[in-house]
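Each chain, written out:
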Amino acid sequence: MTVSKPHEEHQYLELVREILEQGEKRPDRTGTGTLSIFAPRPSKWSLNDNGRPILPLLTTKRVFTRAVIAELLWFIEGSTSSLPLSEKGVKIWDGNGSREFLDKLGMTHREVGDLGPVYGFQWRHFGAEYKDAKTDYTGQGVDQLAEVVHKLRTNPHDRRIILSAWNPRDMSQMVLPPCHMFAQFYVSYPRSSPSAAAATDSADSTTTQPQGHLHCQLYQRSCDMGLGVPFNIASYALLTHMLAHVCSLVPGSLTHVMGDAHVYLDHVEALETQLEREPRPFPELELRPEKGGSIDGWTVEDFVIKGYEPHKTIAMKMSV
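Parameters at a glance
- Residues numbered from 1 in each chain as written.
- Predicted model: local features only at pLDDT ≥ 70, side-chain atom pairs only at ≥ 80, totals over all residues.
- Heavy atoms only, no water.
- Helix = DSSP H or I, 4+ residues; strand = E, 2+ residues; numbered from the N terminus.
- Expected span 1.5 Å × (residues − 1).
- Buried < 20%, exposed > 50% of the residue type's maximum accessible area, 1.4 Å probe, protein only.
- Contact = heavy atoms within 4.5 Å.
- UniProt positions renumbered as here; feature names shortened; annotations may be inferred.
- Pairing = 2+ DSSP bridges.
- Axes fitted to C-alpha atoms, helices over the stretch in contact; angles between N-to-C directions.
- Parallel < 35°, antiparallel > 145°, perpendicular 65-115°, else oblique.
- Left-handed = near helix turned anticlockwise from the far one by under 90°.
- Nonpolar A, V, L, I, M, F, W, Y, C, P; charged D, E, K, R; others polar.

**Q** So what's going on with helix 2 (residues 65-77)? Which residues, and what values?
**A** The first and last C-alpha atoms of helix 2 sit 19 Å apart over 13 residues, in line with the 18 Å expected at 1.5 Å per residue. Helix 2 sits mainly inside the fold: 11 of its 13 residues count as buried. Turning to helix 2, its buried residues number three or more, namely Thr 65, Ala 67, Val 68, Ile 69, Ala 70, Glu 71, Leu 72, Leu 73, Trp 74, Phe 75 and Ile 76. Elements that come into contact with the buried residues of helix 2 comprise helix 3 (83-87), helix 5 (119-125), helix 6 (144-154), strand 7 (180-188), helix 7 (228-246) and strand 11 (303-306). Immediately beyond the C-terminal end of helix 2, within one or two residues, lies Gly 78, with a positive phi of roughly 80 degrees.

In structure tokens:
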């Protein structure tokens, strides 16, 4: 008798149910209030189904996929202004970049939209001195993302393939400290293949190696289960697919480790509706870039998502 594998989306749904039933009622910085638990069991998401590249987009409600892709490319560009996203119809950072919000933080000198040294700045210019969103930071700081690509290509067994957005020195300049803050990448090889211990430290070596599978583990300190987490799962899955593509690897898996996993009180009713729905198959992902293996220069049109047929959208208000 064949036992069918449970749909991976049930990991998310079961955690939401646990929080609604057992979560501690806690105040939060937005004044909305939450139900919260700490350090739930990590969730694991497959990015590959027998050779088919899979994107874990939740199906029990529609995820704003274009916004996920646009924000990820905005991170990769190192941008720190919400205006380029807003101009593309992606308004998720508008509240944090508004005049009212900046003034409330004492950032009266900042132009509207200037978010400070947030995610993209840390990914591409870690340690550089932040001035404003218009400054050209080319060559300044540590380009962590470029280092991740280099290590995946030249030393895939390295235990230091890390991407960190958490920079205590810069916290006071950010409109919001990073929620998804730390990712580690790991390349595995089939057990039947020769060990990749011979994997070279030189990008020019002609040694033939088995094709590795790329895995990502994300740590997220603050996890908004209603709006943020579905977005974050899709975003880091996409990033892992991109890195696999430019490094000639096979997408493997995404493991999501959470700290404070919470449901905002004004999302409870919407999530109860979502829990009544049955998950549908995850879509396939096709990447269409001809970038010469570069992580830079991608556009939204380079991502083709096939077979995404979710349940209808559930409206939830974003707390700022």
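Moving on, there is more to tell.
**Q** Any details on unusual backbone geometry? Residues and values, ideally.
**A** The phi angle at Ala 39 is positive, at roughly 55 degrees, despite the residue not being glycine. Turning to its location among the elements, Ala 39 is positioned in the loop between strand 2 (34-38) and strand 3 (43-46).

**Q** Let's hear about the environment of Gln 217: which residues, and what values?
**A** Secondary-structure assignment places Gln 217 in strand 8 (residues 213-224). Between the C-alpha atoms of Gln 217 and Ala 315, which are 98 residues apart in sequence, the distance is 29 Å. When sequence neighbours within four positions are dropped, the list of residues in contact with Gln 217 reads Phe 182, Ala 183, Gln 184, Thr 255 and Val 257.

**Q** Tell me about the UniProt feature "active site" (unreviewed entry) in the chain, and please be specific about residues and values.
**A** Here the UniProt feature "active site" (unreviewed entry) sits at Cys 179. Along the chain, Cys 179 falls in the loop between strand 6 (162-164) and strand 7.

**Q** Could you give me a rundown of the pairing of strand 9 (residues 250-264), with the residues and numbers involved?
**A** Taking burial as the measure, the 15 residues of strand 9 include 13 buried ones, the bulk of the element. Alignment of strand 2 against strand 9, held across five bridges, turns out to be antiparallel. Residue Leu 35 lies in a different strand from strand 9, and its bridge partner there is Val 263. In the sheet, strand 3 pairs with strand 9 via four bridges, with the strands oriented antiparallel.

**Q** Describe in detail the packing of helix 1 (residues 9-22) against helix 8 (residues 268-275), supporting the description with residues and values.
**A** Close contact between helix 1 and helix 8 brings their axes to 10 Å; oriented N to C, the two are set at 135 degrees. By the angle class used here, helix 1 and helix 8 are oblique. The handedness of the crossing between helix 1 and helix 8 comes out as left-handed. For the pair helix 1 and helix 8, the contacting residues are Tyr 12, Leu 13, Val 16, Arg 17 and Leu 20 in the first and Val 268, Leu 271, Glu 272, Gln 274 and Leu 275 in the second. Within the contact of helix 1 with helix 8, the residues separate by chemical class into seven nonpolar, one polar and two charged.

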